[in-house]
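Commentary on secondary and tertiary structure
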Amino acid sequence: MPQALDELFSDKQLKRDSASLQRWGCDWTRSFEIAPSAIVFPESVDEVQALVRYAKTEGVALVPSGGRTGLSGGAVASHGEVVVSFDRMNQILDFNATDRLVTCQAGVITQTLQEFAVDKGFFYPVDFASAGSSQIGGNVATNAGGIKVIRYGLTRDWVAGLRVVTGDGELIDCNQGLIKNATGYDLRHLFIGSEGTLGFIVEADMRLTRQPQTQYVMVLGIEQFGDILNVLAHFQESLSLSAFEFFSEAALQKVVAHRDLQRPLAGSADFYALLEFDESAIDAAGRSYEEVVAKGWVGDGVLSQSQAQAEALWQLREGISESLAEFTPYKNDLSVRVSQMPAFIEDVDALVRASYPEFEVCWYGHIGDGNLHLNILKPADLDVTAFYARCHEISPRIFEQVSARNGSISAEHGVGLLKRDFLGYTRSQPEMAIMQAVKKVLDPAAIMNPGKLLPRTGGFH
Ligand code: MLT
Ligand code: ZN
């Protein structure tokens, strides 16, 4: 490693011991080699700029690192890269109640922003199970979604301004927190979801909104996969939902065992839907419930009677990902338009049953947003490399179904390393050529998270 890193950073900002390399060199994926050469912890925008300029001159590859909760290997360093952790840039810099804006350094934890908003009488609505450790910079870099998208949209919808250090080491200020700004290309949106391949987000102006009413949670047991969408459409005819999630019985069993939770209903069903709505919609929700039962779509259901019960019901959904971690799951994160979902589910379900008869499969996800998580679990006696190789054999067939319906092979987890070579199932060749060209402009020395997101060749495996 060139000496200059030691000149740019103090001892406490630079780690090279193997435990630190392993800890900061990866995300939640467990299938890639972890081999960074150093971890640096900048404390200011100036330090990030100096680092990028040094890396450009020396040809040192940099990997940005936030809360390391990613699921696609976007923050994995496998080739001696220097990992740039934003853990020490974790301050809320500014708040303005009139503008409803909070300026965060990249390393602010999502939950810190959520709690800050509540303290000020507002609400930051983007939420997901990893909110306690994920960071705002990472959320923006992956356009994180989560459990409230049906009502509040994605991280992109809450970013009013961004400060970004490009691959040239320039600091650019995108949109300055403005609501209206018709001055040409909105570069802010280019960086949102770019996974650190164009520049490193150092500060973000995040929008807040009004606090919602008290929320009620309902969990419904549903036998037929296709009926989940009938239930969604029926409730949406008479109320606005804050969330509409689903999970299979297999997923429920895993989370109940892992967290020692109570099952939601007396009996079991093949699938469950979790709905959340405002207190003022409770009567409409009750009527809709009676109707979906009468139609035979729902067998049984439960409505939260307290905030504690609402939280307990949410755990059944939010704890699934963590409960599957011990099975080294192969994760699919697919999306199609909601109108395409019934036919898509049927085809993917048939394909999965035929292709993976020997593997346990857990379904869950944000079905109200057209987003399915399909997790294939590794049998304990199968080696992880062999398991992933087997899953990669089938993935193209699943992705062909996605492509045939103009869907996405990565709805919200990002592309990173895991989906990189499959990008062409969702993005066209001309689009990928433009993406490559944009990367050359903003990162001419190819030092910003190289090897991530953009396929090395044609975009198909
Ligand atoms: C979720 O919806 O629980 C997250 O996207 C994480 C996951 O899919 O495992
Ligand atoms: Zn998800």
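Residues numbered from 1 in each chain as written. Chains lettered and ligands numbered in written order. Predicted model: local features only at pLDDT ≥ 70, side-chain atom pairs only at ≥ 80, totals over all residues. Heavy atoms only, no water.

**Quick look at the nonpolar core**
Core analysis: the largest hydrophobic core is formed by 52 residues, its most contacted members being V231, F235, F244, L275, I367, I376 and I398. Considering every element that reaches this core, the biggest residue donor is helix 14 (residues 384-404), with 7 residues. Not counting chain neighbours up to four residues away, the residues in contact with I398 comprise N332, L334, L351, V352, Y356 and L374. Core analysis: the next-biggest nonpolar cluster, separate from the first, contains 30 residues, C104, A141, L162 and C174 among them. (Core = buried A, V, L, I, M, F, W, Y, C linked by side-chain atoms within 4.5 Å. Buried < 20%, exposed > 50% of the residue type's maximum accessible area, 1.4 Å probe, protein only. Helix = DSSP H or I, 4+ residues; strand = E, 2+ residues; numbered from the N terminus. Contact = heavy atoms within 4.5 Å.)

**Some remarks on the sheet that holds strand 6 (residues 101-105)**
Ordered in space as 5-6-10-8-9, the 5 strands form an open sheet in which the pairing is antiparallel. Here the strands that pair on one side only, and so sit at the sheet edges, are strand 5 (92-96) and strand 9 (171-174). Geometrically, the sheet is characterised by an average inter-axis angle of 15° between neighbouring strands, direction not taken into account. (Pairing = 2+ DSSP bridges. Axes fitted to C-alpha atoms, helices over the stretch in contact; angles between N-to-C directions.)

**Brief notes about the site of ligand 1**
Around ligand 1 sit L71, R317, S321, K331, Y364, H366, H373, E412 and H413, and that is every residue in its neighbourhood. K331 is positioned with one of its side-chain polar atoms (N or O) 2.6 Å from an oxygen atom of ligand 1. Between H366 and ligand 1, the recorded distance is 3.0 Å, taken from a side-chain N or O atom to an oxygen atom. When ligand 1 is considered free in solution it has 260 Å² of accessible area, and contact with the protein chains removes 86% of it. (Near = heavy atom within 4 Å. Polar contact = N/O pair within 3.5 Å; in protein donor to acceptor, adjacent residues only side chain to side chain. Areas by Shrake-Rupley, 256 points an atom, 1.4 Å probe, with all protein chains shown as cover.)

**Side note on the pairing of strand 9**
Pairing between strand 8 (residues 159-166) and strand 9: 4 bridges, direction antiparallel. Across the sheet, residue V165 finds its bridge partner in strand 9, namely L171. The hairpin turn running from strand 8 into strand 9, its antiparallel successor, is 4 residues long, and G169 in that turn takes a positive phi close to 85°.

**Here we look at the sheet that holds strand 14 (residues 271-278)**
Pairing in this open sheet of 7 strands is antiparallel, and the strands run 15-12-14-13-17-18-16 from one edge to the other. Here the strands that pair on one side only, and so sit at the sheet edges, are strand 15 (298-303) and strand 16 (330-335). Between one strand axis and the next, the sheet turns through 15° on average, direction left out of account. Sheet topology places strand 17 (residues 360-366) next to strand 18 (residues 371-377); 7 bridges connect them, and they run antiparallel. What sits directly across from E360, in strand 18, is L377. Strand contacts of helix 13 (residues 341-355): strand 16, strand 17 and strand 18, with the helix running at about 10° to strand 18, the strand carrying the most contacts.

**Some thoughts on the coordination of the zinc ion (ligand 2)**
The protein atoms donating to the zinc ion (ligand 2) are H366 (NE2), H373 (NE2) and E412 (OE), with metal-donor distances spanning 1.9 to 2.1 Å. All donor residues of the zinc ion (ligand 2) come from one chain, and their arrangement in sequence is H-x6-H-x38-E. Residue classification places H366 among the buried positions, given a relative accessible area of 3%. (Donors = N, O, S within 2.8 Å, 3.2 Å for Na, K, Ca; no water.)

**Observations regarding helix 13**
Because each turn of an α-helix spans 3.6 residues, side chains separated by three or four positions end up pointing in the same direction. The terminal C-alpha atoms of helix 13, which comprises 15 residues, lie 20 Å apart, in line with the 21 Å expected from a rise of 1.5 Å per residue. The inward-facing, buried residues of helix 13 contact helix 8 (225-238), strand 16, strand 17, strand 18 and helix 14. (Expected span 1.5 Å × (residues − 1).)

**Examining the packing of helix 9 (residues 249-259) against helix 11 (residues 307-318)**
Viewed as axis vectors pointing N to C, helix 9 and helix 11 meet at an angle of 115°, and their least axial separation amounts to 8 Å. Residues L252, V255, V256 and R259 of helix 9 touch helix 11, and the partners they reach there are Q315, L316 and E318. Looking at the contact of helix 9 with helix 11, its residues break down into 4 nonpolar, 1 polar and 2 charged. (Nonpolar A, V, L, I, M, F, W, Y, C, P; charged D, E, K, R; others polar.)

**Side note on the environment of V255**
Note on placement: V255 falls in helix 9. Under the relative-accessibility criterion, V255 is labelled buried at 0%. When the C-alpha atoms of V255 and E322 are compared, they prove to be 8.0 Å apart, with 67 residues separating the residues in sequence. If we skip the residues at most four places from it in the chain, V255 touches D260, L261, Q315, L316, G319, I320 and S323.

**Some words on a nonpolar patch on the surface**
On the surface, Y185, L187 and L190 cluster together into a nonpolar patch covering about 350 Å² of accessible area. Inspection of the secondary structure puts L187 in helix 7 (residues 187-191). Its relative accessible area of 37% is what places L187 among the partly exposed residues. (Patch = residues over 30% accessible without salt bridge, like charges linked within 9 Å, V, L, I, M, F, W, Y side chains within 5 Å. Salt bridge = Lys/Arg side-chain N within 4 Å of Asp/Glu carboxyl O.)

**Section: the pattern of salt bridges**
Under the definition given, this model contains 21 salt bridges. In this structure, the salt-bridge partner of D6 is R16, at a minimum N-O distance of 3.2 Å. You can see D6 sitting in helix 1 (residues 4-8) and its partner R16 sitting in the loop between strand 1 (14-15) and helix 2 (18-24), a full 10 residues away along the chain. One salt bridge connects R390 with E358, and the closest N-O pair in it is separated by 2.9 Å. Of this pair, R390 sits in helix 14 while E358 sits in the loop between helix 13 and strand 17, placing them 32 residues apart in sequence. Three or more residues are tied together by salt bridges with common partners; here these are R163, D173, E203 and D205.

**Here we look at helix 3 (residues 45-58)**
The terminal C-alpha atoms of helix 3, which comprises 14 residues, lie 20 Å apart, in line with the 20 Å expected from a rise of 1.5 Å per residue. When helix 3 is considered as a whole, its buried residues turn out to be V45, V48, Q49, L51, V52, Y54 and A55. Following helix 3 by one or two positions, G59 has its phi on the positive side, about 70°.

**A closer look at the side chain of T197**
Locating T197 in the fold gives a position in the loop between helix 7 and strand 10 (199-207). Judged by relative accessible area, which is 4%, T197 ranks as buried. A polar atom in the side chain of T197 sits 2.7 Å from the backbone oxygen of S194. When neighbours within four sequence positions are excluded, T197 is seen to be in contact with K439, D443, M448, N449, K452 and L453.

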